[in-house]
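Per-entry structural report
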Amino acid sequence: MNLSMITDLYELSMANGYQQVLPKEVGVFDIFFRRVPDNGSFVVTAGLAQAIEVISDFHFSQEDLAYLQSLKLFTDDFLTFLENFHFSGDLSAIPEGTPVFPREPLLTISGPLIQTQLFETILLNIINHQSLIATKARRICYAAQGRPIMEFGARRAQGPSAATLGARAAVIGGCASTSNLLTAEKFGIASAGTMAHSWIEAFPDELTAFEKWAELYPDNSALLVDTYDVINSGVPNAIKVFKELVAKGHQPVGIRIDSGDISHLAKLARKQLDDAGFPNAKITASNALNEATIQSLLLNQKAPIDNFGVGEDLITSASDPVLSGVYKLVAVKHLGQTVAKIKISDSREKVTLPGIKSLYRLYNKNSHQAFADVIALKNEQLTTEMLVRSADPLDTKQKITLSNFDSMPLQTDIFINGKVVYTSPSVMAIQKQSQAAVQELPEETLRLTNPNKYPVYITEKLARLQEKLLNKQAH
Ligand SMILES: Nc1ncnc2c1ncn2[C@@H]1O[C@H](COP(=O)(O)OP(=O)(O)OP(=O)(O)O)[C@@H](O)[C@H]1O
Ligand SMILES: O=P(O)(O)OC[C@H]1O[C@H](OP(=O)(O)OP(=O)(O)O)[C@H](O)[C@@H]1O
Ligand SMILES: O=C(O)c1cccnc1
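Counting starts from 1 at the beginning of each chain's written sequence and moves along it residue by residue. Chains and ligands are labelled sequentially in the order written, the chains with letters from A and the ligands with numbers from 1. Only residues with pLDDT of at least 70 get local features here, since the model is predicted, and only at 80 or more are side-chain atom pairs given and counted; chain-wide, interface and lining totals rely on the full set of residues. For side-chain calculations, the full set of non-hydrogen atoms in the structure is used, while hydrogens and water are omitted.

**A closer look at the site of ligand 1**
The test is simple: The nearness test applies per residue and asks whether one of its heavy atoms lies within 4 Å of the molecule or strand. For this analysis, a polar contact is any N or O atom pair within 3.5 Å, provided that within protein one partner can donate a hydrogen and the other can accept it, and provided that sequence-adjacent residues contribute only side-chain to side-chain pairs. Only the protein chains shown count as cover for residues, and the accessible areas themselves come from Shrake-Rupley with a 1.4 Å probe. The way it works is that DSSP assigns letters per residue, a run of H or I at least four long becomes a helix, a run of E at least two long becomes a strand, and they are numbered from the N terminus.
As a structural note, the neighbourhood of ligand 1 is formed by Ser259, Gly260, Asp261, Ile262, Ser263, Asn287, Ala288, Leu289, Thr293, Leu297 and Gln301. In the model, a nitrogen atom of ligand 1 is placed 2.9 Å from a nitrogen or oxygen of the Asp261 side chain. Protein contact buries 53% of the 640 Å² of open area that ligand 1 shows by itself. Broken down by secondary-structure element, the contributors of at least two residues to the shell around ligand 1 are helix H12 (262–275) and helix H13 (291–300).

Pasting the structure below:
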């Protein structure tokens, strides 16, 4: 689908104006966010593959151009420019699945201002959405302590695209599988599913429903046991069917509980299954679960649950449904000169980091644990002993000297001179890299409640540039 027209009118109004009054300027924009949803300490980036597709395929159809002409806002030259649009600039970005922190440039795009301005809305839409859901999935997977999470959200997502790309992001964040077949097909992800209550209700009785299912799918016998009464009917009927399956040489899969007090029911069901000789039958739980309920079920209540199915709270990030990533102009190049730009706000916290920047993750030389990130000006060399400042102006401890570290650049070239120079890994490969990158972070930054803040620093050079521009603009 061509997404070029999913843009705010003002992007085109500005680009039309740039063509007339700033035709030669190159504009450099950063995408970054200031606040982590759910008071977490990090966001898991996602959406880069779709961002690359959109930029590569950015074009306007004759129908779009006729509509834009009808608005009577744009010059013929601008409409001709849109008709022949082809991105000719550079893009660097942090690969998908990477844990990232407030103020870090997730994506930096550089090219003729008239081009780069046009990508603001759609890139934010893609990156904000998928990063939000990947982050939520990471929280839910953390709570599940390695137990597989099946993504079940398609029916509750805010529309088909949010269902499909949200499920992709959920898998980047750690979900083991999705019930959404389009996502599974398109992105090479495992599909998973059990049965709905309608299957049970469609038969005269529960036992017949289970038996018919087991005949059809003898190796996929995850039976939904809560339609009538989990303990007095659902699990006993499942056990009868499991015995028949074993007699026929099949391995029963297990049960799904989708209502009531999940912990209480899972404990009773576990005992029934074990007593009947099915200690390997798995218990899956679902029903409006999220990281808090899963953590409570496992840690506090010691519920014997093996898998979780999670839909609405994951696919909508219901507890905190917005990642407010922004797209800010950080530099303008003209006649070979680069001029750093800043956006000043009433609050010091919101002042942008000017200039074209590089981002590094620092690892302790001995433990190889990541302990801080540093934002530097591009081409600035990190020194072995380095005085840096907190990137968060509200931090009390503002200056610190860093030493004894290895550094790794986090940004990768994606487009150079309008050509894609990057191949996106598969979603499952991204998931694996993401898990490894999260494991490198300090344990205290991972917890769900009141996590320790991970330090992000800026170099002295960048801090001085910011001060200089702040002072200049203030006068
Ligand atoms: N032991 C438990 N600890 C914490 N949360 C639980 C526990 N058992 C269930 N929950 C959660 O409590 C909520 C129960 O919601 P609700 O009362 O609507 O479910 P229900 O009674 O099964 O109704 P419905 O059939 O409409 O789903 C769900 O979010 C569920 O995940
Ligand atoms: O609760 P979520 O986290 O969103 O997980 C998905 C829910 O969707 C299904 O319920 P639904 O009532 O739609 O249908 P069913 O129970 O009849 O399958 C399923 O049983 C889960 O409860
Ligand atoms: O397969 C399932 O059990 C399933 C799929 C979607 C939503 N709820 C449950």
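**A look at the packing of helix H1 (residues 9–21) against helix H4 (residues 76–83)**
Our working definition: Axes here refer to lines fitted to C-alpha atoms; in helices the fit is confined to the stretch in contact. Angles between the N-to-C directions go from 0 to 180 degrees. When an angle is under 35 degrees it counts as roughly parallel; over 145 it counts as roughly antiparallel; between 65 and 115 it counts as roughly perpendicular; any other value is oblique. Two helices crossing with the near one rotated counterclockwise from the far one by less than a right angle form a left-handed crossing, whereas a clockwise rotation gives a right-handed crossing. By definition in these notes, contact holds between two residues if any of their heavy atoms fall within 4.5 Å. Under the grouping applied here, Gly and all other residues not named as nonpolar or charged are polar, the nonpolar ones being Ala, Val, Leu, Ile, Met, Phe, Trp, Tyr, Cys and Pro and the charged ones Asp, Glu, Lys and Arg.
Running from N to C, H1 and H4 cross one another at 110°; their axes reach a closest spacing of 10 Å. Regarding the angle of H1 to H4, the classification is roughly perpendicular. Between H1 and H4 lies a crossing whose hand is right-handed. Residues Leu12, Ala15, Asn16 and Gln19 of H1 touch H4, and the partners they reach there are Asp77, Phe78, Phe81 and Leu82. Tallied by class, the residues present in the contact of H1 with H4 amount to five nonpolar, two polar and one charged.

**Digging into the confidence of the model for the chain**
Definition in use: Residue-level confidence of the predictor is summarised by pLDDT, bounded by 0 at the bottom and 100 at the top.
Of all residues in the chain, 100% attain a pLDDT of 70 or more, and the chain-wide mean is 97. Least confident of the elements in the chain is helix H16 (residues 460–474), whose mean pLDDT is 92; most confident is helix H7 (residues 160–172), at 99. Model confidence for the complex: the whole-complex pTM is 0.97, and ipTM, which rates the interface, is 0.96.

**Quick word on unusual backbone geometry**
Outside of glycine, negative phi angles account for most residues, and trans bonds account for most peptide bonds. What counts here: Remark: exposure states derive from per-residue accessible area (1.4 Å probe, protein chains only) relative to the maximum for the residue type, with buried under 20%, exposed over 50%, and partly exposed in between.
We note that Asp38 has phi near 60°; this positive angle belongs to a residue other than glycine. With respect to the helices and strands, the residue Asp38 is situated in the loop between strand E1 (26–32) and strand E2 (43–44). Assessed through its relative accessible area of 15%, Asp38 is described here as buried. Residue Leu335 is not a glycine yet carries a positive backbone phi of 50°. Within the secondary structure, Leu335 is located in the loop between strand E12 (326–334) and strand E13 (337–340).

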